[in-house]
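# Chains, contacts and geometry: an overview
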Amino acid sequence: MWNKAIELSTKTHPGPVVHLSDSPKDEGKLLIGFESGTIVMWDLRVKRADFRIYYDEAIHSVSWHHEGRQFMCSHSDGSLSMWNMRNTAKPFQVTFPHGKTQRDGRKESCKPILKVEYKTSRNSSEAFVVFSGGLSYDKAGRRPTLTIMHGKAITVLEMDYPIVDFMVLCDTPYLNEVQEPYAVVVLLEKDFVVVDLTQSNFPIFENPYPMDVHESPVTCTAYFADCPPDIIPVLYSIGAKHKKTGYSHKEWPVSGGTWTVGSQTYPEIIVTGHADGSIKFWDATAITLQMLYKLKTSKVFENPKSGDVGRSGELVEEDPYAVQMISWCPQSRIFCVVGTSAHVILYRFSKHDANTTITSLEVRLQCEMEDVISPSDTENTPCYSDPSGLSPQPQPPSPRSNTPDSARDSITCLKVKDRMIRMPPGYQAELVVQLLWIDGEPPQQITSLDLNSAYGLLAVGNCNGLAVVDYLQKTILLCMNTLELYGSADPFQRLTRSPRKNRQSTSGLTELSDNQVSLDLERSKSPTSDHVNGHCTSPTSQPCPSGRARVPGGPEGPRLARRGPGRPPFRKAQSAACMEVSLPVSSLTEESRENSFSRSRSSSVSSIDRETKEAVTTLQFMESYGRKSDSLPTPCLWVGTSLGLVLIIPMSIPMDEQERQEDPVTVAPAGTVLMLKGSILRVSFLDCGGALIHSPYEVWRDQQAPGDPDRPRKRKLVNFSPSSSQEASGDCHLAVVCSERQAKVFLMPTQACLYVHNITESSFVLRADVVSVCNSVGLACFCANGHIMTLSLPSLRPLLDVNYLPQTDMRIARTFCFTNGGQALYLCSPTEIQRITYSQEMCDNLQEMLGELFTPIETPEAQNRGFLKGFFGGNAQNFDREELFGEASAGKGSRSLAQHIPGQGGMEGMKAAAGGVVGELARARIALDERGQRLGELEERTALMMTSAETFSKHAHEMMLKCKDKKWYQF
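Residues numbered from 1 in each chain as written. Predicted model: local features only at pLDDT ≥ 70, side-chain atom pairs only at ≥ 80, totals over all residues. Heavy atoms only, no water.

In this section: the packing of aromatic side chains. Summed over the entire model, instances satisfying the criterion amount to 21 aromatic pairs. Residues Tyr804 and Tyr826 carry aromatic rings whose centres are separated by 6.2 Å and whose planes lie at 75° to one another, so their mutual orientation is edge-to-face. A residue pair is termed long-range when its members are at least 10 positions apart, and Tyr804 in the loop between β47 (798-803) and α10 (810-815) and Tyr826 in strand β49 (residues 823-829) qualify at 22 residues. Taking relative accessible area as the criterion, Tyr826 reaches 4% and is therefore assigned buried. Put simply, the rings of Phe224, Phe281, Tyr293, Trp328, Phe335, Tyr347, Phe349, Tyr427 and Trp700 pair up and form one aromatic cluster. The lysine or arginine in question, Arg333, covers the ring of Trp700, its NZ or CZ lying 4.0 Å from the ring centre. (Phe/Tyr/Trp six-rings, centres within 6.5 Å; stacked < 30°, edge-to-face > 60°. Helix = DSSP H or I, 4+ residues; strand = E, 2+ residues; numbered from the N terminus. Buried < 20%, exposed > 50% of the residue type's maximum accessible area, 1.4 Å probe, protein only. Lys NZ or Arg CZ within 6 Å of the ring centre and 35° of its normal.)

This is the structure we're talking about:
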């Protein structure tokens, strides 16, 4: 009872207990601290209080001196009080570490000191006093602090996050010895900090564990397994040069736990993009996660000024540098970043610093008012076919696509630095591609990106069109809207409109909601109308019924018109396409329409009023066949759109290095079109043996390295052309195309569909990728309903279908990504990266990599205090807690310890005894059964005798009545 520890006469409760500790001098005495300011020293032996202290300030914590003769308390008014065990009437010292003396002589009010630690040191007569809080109220918005007092010196350490708890690390685990503190461990709400107490400036230790994944909200992720073995050491060495200075030179003091690497190890790297424009490379090999290198994309641009006016001023309100998409070639070490302000930054890796100027290219992608683009009434050309076997002539970019209408409208969202910039070793910006504002409207966000280091080309697409950039010559090769890419092979009847009408509202890129997506809601609307992974997708994924055109203004209509004119479509956001198409009406069956894609004019008059913006959702550079008539593979760009169409654009690239720097690259849309259901998500290539064909790349070379001017370094290209990997197959290869609804495998160059598989009907695919698993290649898909599926290649047979996540939120949808080795990852919360595997080989190896959480160590021996200290009562008195709190003191055996009672005969004797007992019980049961049977028989005999007696009595009574009136002579 609490009043036993206080006093029987106390009427009010002293409040909750905030401190409970043993006396370092005597373990039989317990110091109890109550929140109201009451302190009690309770003797466990005699079960009474040695003394009681009633203080007028609330107590938050208590800390002992190692000798057990005094202790320190922290209070709610920001004060520290020292108490002596000999005189507990009042504290012999009261200090306000951060309280200033006012004019009237009183101390100013301070915040509560939530916790205090009082530690002594051998090398100094002054003790260490460490506490949290206690600052004055004079300034608002101060950050949480940790104060270290050593003698007269007071050091205040500001923390980035609120302090949860802290603990002082000492050389000895025994409280009755000189503590000798060497570090302070501070647990923050979002970090873990260790302070070095052995140095006068109290530096912090460099944390070997990643604690800042969520330093800025994660907006996109990328996962690369089986990387080149030299990439991780290179990134680590460069990242070590960029780390902050001032860390302690000692090793990390917190240790414990072991893990094993396992037998299946290969380099793995995770790349995260953040809302502040930063990029982080993480070493994710085995089960580790260590940050290697950090890149800030915001350093490429000028800092926006608060007084700026114009269209770009609307975009700097919130996260103008947020990373939307990442493309990285580990072999060539070329890195591309797509930002929410419709910009692309290309980086090259170098081990040397450089003074360079960043080249900026401005791209004008728009969809203007045009005439109706439709085939003639009699035209009925399959989109697979290439009429007359000839491709259209190369079309140069239209003047309106490259020439700004006015200087007022042709502005960019951000301003690139136009001066010479010194770039440290690591990734150095070389080129920035920005989309322009047009007619007072901001550019739509970029929805697809691909680069190829062997070709020296960069492709960018959004819901307005496609742009191809030569980053070696710093020129724009192609800038067209999507309709212009088809030429005469457009399978739809569409009308181009201004992008100002019916623009879709935006969803926050960094505001990843935790709300679960209702599956019923997702199924009720078209899957491609969602903003998933930054893809600009169309709201048409299923063919319309014959003779009926799709009418805009459905459930999505009111939502699309909420944003007023002139508002940017991305403020912390990524845009989505807003388009409607009138699908062709044909007398053919649905299957024949899917295979031949015959076109005819729609009978609906309203088809000319439809929005016709088609988004470019995926891009892929590859050695392939642009036309059916091609005999050899050439560099091609595969373009996938939100309508399920795939265009193949062949290119002519000079092979000689000198010619590549001078001669132009020719890009000629050929009009070749393939079609699937739903928005195109992924394009990959296999040889006829089923092996994956990688895109060609350039071997990395350091362009900033000092070299011999007479012998310049040449480009070294690695090409995976199908003709070099197979000879007997006739130089053909397979193209794997996956959309939101289905996957198809085409044979190139004939463009014949070999295999087709409808992945899902009730949901849609969010992420798809061709990955290597267990020495084979498969197609991995992640659906919106939480299913993870794998298909064999090239046959597209289902191998796995697991309902992994019953409900998927937008964070998971945007950050989910596959990689080789049967692995994937996603952001399961704003602070946690979840890695998963669907490979049995990886699961077996994972069990080998699991380690031990705790490492057992030997407790050091207690210090010998000597004869004199023991004689004068300096030694601490040990106390047996089991003797006091165990049930032995109550006359009962302790339940915490099991007592061993040895038996006779061992296990065999116990078995025999048990068998004897069982036999006796069986015999007793049989005897009881026999006795019961006999008792039953006796009961039956008794009943028969009673019946016989009753019958005899009845007959006797009748005989008496018969002979009652007869004389003796009548018998």
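It is worth spelling out a negative patch on the surface at this point. There is a patch of like negative charges on the surface, built from Asp656, Glu659, Glu662 and Asp663. Relative to the helices and strands, Asp663 is located in the loop between α8 (657-662) and β36 (666-667). (Patch = residues over 30% accessible without salt bridge, like charges linked within 9 Å, V, L, I, M, F, W, Y side chains within 5 Å. Areas by Shrake-Rupley, 256 points an atom, 1.4 Å probe, with all protein chains shown as cover. Salt bridge = Lys/Arg side-chain N within 4 Å of Asp/Glu carboxyl O. Lys, Arg positive; Asp, Glu negative; His and termini not counted. Charge placed at Lys NZ, Arg CZ, Asp CG, Glu CD.)

Taken together, the 4 strands give an open sheet; going across it, the order is β27-β28-β29-β30, and neighbouring strands pair in antiparallel fashion. Each edge of the sheet is formed by a strand with only one pairing partner; in this case those strands are β27 (448-452) and β30 (475-481). Each adjacent strand pair in this sheet contributes to an overall mean axis angle of 10°, direction not counted. The pairing of strand β29 (residues 465-470) with β30 spans 6 bridges and is antiparallel. In the strand pairing of β30, Val469 is matched with Ile476. (Pairing = 2+ DSSP bridges. Axes fitted to C-alpha atoms, helices over the stretch in contact; angles between N-to-C directions.)

This part covers helix α11 (residues 840-849). Each turn of an α-helix holds 3.6 residues, which means side chains three or four residues apart point in the same direction. All of the buried residues along α11 are Met842, Asn845 and Met849. Looking down the long axis of α11, one finds its buried residues gathered within 65° of arc, a one-sided arrangement. Set apart from the buried face of α11 by more than 90 degrees, the exposed residues are Gln840 and Gln847. Against the buried residues of α11 lie β49 and β50 (832-837). (Arc of directions from axis to C-beta. Contact = heavy atoms within 4.5 Å.)

For the rest of this paragraph, the subject is the environment of Thr38. Mapped onto the secondary structure, Thr38 falls in strand β3 (residues 38-43). With a relative accessible area of 7%, Thr38 lands in the buried category. Along the backbone, Thr38 and Tyr54 are 16 residues apart, and their C-alpha atoms lie at a distance of 4.6 Å. Each residue touching Thr38, except ones within four places of it in the same chain, is listed here: Ile6, Pro14, Ile32, Gly33, Ile53, Tyr54 and Ile59.

Every buried residue of helix α2 (residues 231-241) is accounted for by Ile231, Ile232, Val234, Leu235, Ile238 and Gly239. Buried residues along α2 cover an arc of 165° about the axis, so they all sit on one side. Residues of α2 that are buried make contact with β17 (268-274), β18 (278-283), β19 (290-296), β20 (323-329), β22 (343-350) and β26 (426-435).

All we've got here are geometric facts, nothing functional implied.
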